[in-house]
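Now for the letters of each chain:
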Amino acid sequence: MTSTQTTTPGTGTVPASHWLDGKPYAGGSTRTGEVYNPATGEVTSLVAFASEEDVAAAVASATAAFPAWRDTSLARRTQVLFAFRELLNARKNELAEIITAEHGKVLSDALGEIARGLEVVEVACGIAHLLKGEMTENASTGVDVYSIRQPLGPVAIISPFNFPAMVPMWFFPIAIAAGNTVVLKPSEKDPSASLWLAELWAEAGLPAGVFNVVQGDKVAVDALLTHPDIKAVSFVGSTPIAKYVYETATAHGKRVQALGGAKNHMVVLPDADLDLAADSAVNAGFGSAGERCMAISALVAVGPVADDLVAKIAERAQGIKTGDGRRSCDMGPLVTRPHRDKVAGYIDAGEAAGATVVVDGRTVEPDGAAGGFWLGPTLLDHVTPEMSVYTDEIFGPVLSVVRVETYDEALALINANPYGNGTAIFTNDGGAARKFQNEVEVGMVGINVPIPVPVGYYSFGGWKNSLFGDTHAYGADGVRFFTRTKAVTERWLDPSHGGINLGFPQNH
Ligand code: NAD
């Protein structure tokens, strides 16, 4: 697939920033942002930031496309979904390279995120089953009642930098399959995956205007949150912005699901398999350089396991190869220089507050260019709950070990945390695991599984400050979110039922 290049009068040649009405759209705004290759530190392109007018044009495209798409048969809509699925599967390596070039994650991890997005596309291929309503014959004599699910209209998806393909795919396959039209506002840090996906939709036969992309920052987001024609907003990002998006868009009458940040704990009980626990902590702590909302950031070692566990994790962490995601490395750079420095600052603060730096990522020697945004895996021991490295979402390759004496202390720690996205317990005691899944106040729980992202036919979502709204992403909740039900009461008149009666309808 060729990259979309267009010429904006007065600004020279820049990557096509937006996509609407089935083609690239340069937009009228002159504001731009820099896009980096995090493995080299170089600016690789500029992304235009949409103005309010650009957003209005995208919403107009989605609004114009809605009536015909809503009335397109399920058979035809499903054919487009299957075509998109086949194209994406065949060309996923191209998309993985785009993700790695702008996000920095290693290619195998980029392919992993595409695979998890594909799962939702596959669920959406079965939309005909998911949209079925209910039917009751003879609810009253000669009266039938049934419910139908209808699409909402143009919907907005606003996504974060850390999964430029998967997070949009948590939402748009089901939204589109259900008959809605979409305006996607991806992260300005890695904008290109969205345009590649837009081209793929066009190739799959999706009518122009059903899937649109506007690039940009707060200006674009605010324009979507307040636009009268946008009926629903699916947001994923940090907690303060998620809360803002939820409050602003609901105040403008929209249906909203806003997924926020996280601080995920992994509890290791004394009877756990420590090699499995150490492998899992390393994979979940340092995969994607810790830039996952389901990353394990706090490891809660219960009772006597801590010394052995820390030694096993340290050994594994020291073997991780940090470097350019296009080479055969385990872990890539962080997304930007300021973010890398912020994460390193948390390590400094943890050390100053008395944590033991067991493995120090600040001194990493990467397999990559000197200018890359490098920080190696870092293991901190003896972290206590008042340290900033524990209280804050770090979003980097920093694993903090908190030592507690009992299961109850571990549980209390998790339940006191303002976030409730994911958690995991490692144990060989089924009773303890069952008690944990019952008592823990977190939306997604892993039992001997470190990153419990539900499969596509369940739904993804946290509790507390990790999600604002009533529905989770994809699965059955996704179908609920992107449709509204209508109940129809129907009677085919028989002359014996005529006559005037102003009383409230009763069933006979
Ligand atoms: P972010 O909140 O900075 O940005 C998310 C989106 O909001 C982007 O599209 C961005 O352009 C926009 N945005 C940023 N500031 C804004 C503002 N002031 N007003 C309006 N819009 C604004 O998040 P990020 O740094 O891109 O992503 C990392 C965060 O996302 C982490 O906190 C992570 O936990 C979270 N996340 C959560 C989940 C989840 O499922 N709960 C999944 C992935 C990422």
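Criteria and cut-off values
- Residues numbered from 1 in each chain as written.
- Predicted model: local features only at pLDDT ≥ 70, side-chain atom pairs only at ≥ 80, totals over all residues.
- Heavy atoms only, no water.
- Core = buried A, V, L, I, M, F, W, Y, C linked by side-chain atoms within 4.5 Å.
- Buried < 20%, exposed > 50% of the residue type's maximum accessible area, 1.4 Å probe, protein only.
- Helix = DSSP H or I, 4+ residues; strand = E, 2+ residues; numbered from the N terminus.
- Domains from an automatic or database assignment.
- Contact = heavy atoms within 4.5 Å.
- Buried area = accessible area lost by both parts, 1.4 Å probe.
- Salt bridge = Lys/Arg side-chain N within 4 Å of Asp/Glu carboxyl O.
- Pairing = 2+ DSSP bridges.
- Axes fitted to C-alpha atoms, helices over the stretch in contact; angles between N-to-C directions.

**Student:** Even after reading the chapter, I still don't get the nonpolar core, so can you show me in this structure?
**Tutor:** Soluble globular proteins: nonpolar side chains tend toward being buried together. The biggest cluster of nonpolar side chains holds 64 residues, and the ones touching the most others in it are Leu88, Trp170, Phe172, Ile176, Phe211 and Phe460. Here this core takes 10 residues from helix α6 (residues 166–177), the largest share from any one element. Counting only domains with at least three residues in this core, you end up with domain 1 (15–260 + 466–487) and domain 2 (264–447). With residues near it in sequence (within four places) discarded, Leu88 still touches Leu95, Ile114, Leu118, Met169, Trp196, Leu197 and Leu200.

**Student:** Even after reading the chapter, I still don't get the domain arrangement of the protein, so can you show me in this structure?
**Tutor:** Size of an interface, as often reported, equals the accessible area lost when the parts are brought together. With domains assigned, the protein is organised as domain 1 (15–260 + 466–487) and domain 2 (264–447). Relative to domain 2, the C-alpha centre of domain 1 lies at a distance of 31 Å. Counting from both sides, the interface comprises 20 residues of domain 1 and, opposite them, 24 residues of domain 2. Roughly 1,900 Å² is buried in total at the junction of domain 1 and domain 2, and carbon and sulfur atoms are behind 62% of that figure. Ranking the residues of domain 1 by area buried against domain 2 places Ala39, Val106 and Ser466 at the top, with a combined share of 26%. Summed over the shared surface of domain 1 and domain 2, the number is 1 salt bridge.

**Student:** Just to check I follow, could you spell out the sheet that holds strand β24 (residues 483–491) for this structure?
**Tutor:** Strand pairing in a sheet is mediated by backbone hydrogen bonds. Such pairs are either parallel or antiparallel. Spatially, 3 strands are ordered β7-β8-β24 in an open sheet, and the strand pairing comes out antiparallel. Only two strands of the sheet have a single neighbouring strand rather than two, namely β7 (135–140) and β24. Going from strand to strand, the sheet's axes swing by 30 degrees on average, the running direction of each strand aside. Summarising the sheet, β7 and strand β8 (residues 143–151) pair through 3 bridges and their orientation is antiparallel. Each residue of the ladder has a partner; that of Thr136, found in β8, is Val145.

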